[in-house]
Amino acid sequence: MLAALAEARAALATDDVPIGAVVVDAAGGVLGWGRNVREAEHDPTGHAEVVALREAARTRGEWRLDGCTLVVTLEPCTMCAGAAVLARVDRVVFGAHDEKAGAVGSLWDVVRDRRLNHRPEVVSGVMAAESRALLGDFFRDHR
C-alpha cells in the first residue's frame, strides 16, 4: 500500500485525483504501477487500476494476472472492479471505501458477484486513513 500511496501522491503533479495502484505477483514483486492520468492524458479510462493492470500484463507478457494482487488506495469503481475480474487477479486490496462510486462492496459488489466466472478475494481498509487524508486534502484545495 505504501507504493500505491506514493503513486497517488505523484498524480498530484498533473492535477489528477490522487489515487494510486500497484499490481504485485505472488512473491511480492511489483509488476505494474499506476496513478490516475485522466487529466494528464485526457483519457476517461485513465484510472490508476487500469494503468497498473495494463503495465502488469505487459510486464508479464499475458493478460491473465492469476496469482497477482491489485493494491489501490481507493475502492475501485465499476470499470476498475470489472477490469480486475477480467484480468483474473487473485486479490483486490484497497484503502478507503468510496461510498459514491465504490464497486467492491460500498455501492455495488462487482468482484463478488456469483454470476461471474472469477471472484477475487477482497481485503479492505488497508491504510484507509492515509488514503482518505490524501483525497480530502486534494478536494478541499479544489473547492
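Preceding this section is the structure that the text describes.
All figures in this text were calculated on a predicted structure; none of them were measured in a lab.

1. Notes on the environment of Pro-18
Within the secondary structure layout, Pro-18 lies in the loop between helix H1 (2–11) and strand S1 (20–24). Along the primary structure Pro-18 and Phe-138 are separated by 120 residues, whereas in three dimensions their C-alpha atoms are 7.3 Å apart. Dropping the residues within four chain positions of it, Pro-18 is found in contact with Ala-8, Ala-11, Leu-12, Thr-73, Leu-134, Leu-135 and Phe-138.

2. Some thoughts on the layout of surface pockets
Within this model, the largest pocket holds a volume of roughly 530 Å³. Ile-19, Leu-74, Asp-98, Leu-135 and Phe-139 are the residues nearest the centre of the largest pocket, which is lined by 20 residues in total. Residue composition of the lining of the largest pocket, by class: 9 nonpolar, 3 polar and 8 charged.

3. Here's the deal with the sheet that holds strand S4 (residues 91–96)
By definition, the strands of a sheet pair up through backbone hydrogen bonds, in either a parallel or an antiparallel sense. Spatial ordering of the open sheet is given by S2-S1-S3-S4-S5, a layout of 5 strands whose pairing is mixed. Strand pairing shows two members of the sheet lacking a second neighbour, strand S2 (30–35) and strand S5 (121–124), which therefore form its edges. Between one strand and the next, the sheet's axes are offset by a mean angle of 15°, whatever the strand orientation. Summarising the sheet, S1 and S2 pair through 5 bridges and their orientation is antiparallel. Among the inter-strand pairings, Val-24 is bridged to a residue of S2, identified as Val-30. Its contacts with the sheet put helix H5 (residues 128–141) on strand S3 (69–74) and S4, and the angle it makes with S4 is roughly 60°.

4. Re the pattern of salt bridges
Per the stated rule, a full pass over the model turns up 6 salt bridges. Residue Arg-60 is joined to Asp-66 by a salt bridge in which the shortest nitrogen-to-oxygen separation is 3.7 Å. Judged by its relative accessible area of 42%, Asp-66 falls in the partly exposed class. In this structure, the salt-bridge partner of Arg-115 is Asp-113, at a minimum N-O distance of 2.6 Å. Overall, the relative accessible area of 75% leaves Arg-115 in the exposed class. Classification of Asp-113 as partly exposed rests on a relative accessible area of 22%.

5. Describing the packing of aromatic side chains
The tally for this structure, following the rule as stated, stands at 1 aromatic pair. Here Phe-138 and Phe-139 contribute two aromatic rings whose centre-to-centre distance is 5.1 Å and whose plane-to-plane angle is 85°, an arrangement assigned as edge-to-face.

6. Describing the side chain of Thr-73
Tracing the backbone shows Thr-73 in strand S3. Thr-73 has contacts with Met-1, Ala-4, Leu-5, Ala-8, Pro-18, Ile-19, Gly-20, Gly-95, Ala-96 and Ser-131, leaving out every residue within four places of it along the chain.

Rules and cut-offs
- Residues numbered from 1 in each chain as written.
- Predicted model: local features only at pLDDT ≥ 70, side-chain atom pairs only at ≥ 80, totals over all residues.
- Heavy atoms only, no water.
- Helix = DSSP H or I, 4+ residues; strand = E, 2+ residues; numbered from the N terminus.
- Contact = heavy atoms within 4.5 Å.
- 1 Å grid on protein atoms, 1.4 Å probe; cavity = no way out; pocket = protein on both sides within 12 Å on 5 of 7 lines; lining within 4 Å.
- Points joined across faces, edges and corners; volume = space filled by probe spheres on them.
- Nonpolar A, V, L, I, M, F, W, Y, C, P; charged D, E, K, R; others polar.
- Pairing = 2+ DSSP bridges.
- Axes fitted to C-alpha atoms, helices over the stretch in contact; angles between N-to-C directions.
- Salt bridge = Lys/Arg side-chain N within 4 Å of Asp/Glu carboxyl O.
- Buried < 20%, exposed > 50% of the residue type's maximum accessible area, 1.4 Å probe, protein only.
- Phe/Tyr/Trp six-rings, centres within 6.5 Å; stacked < 30°, edge-to-face > 60°.

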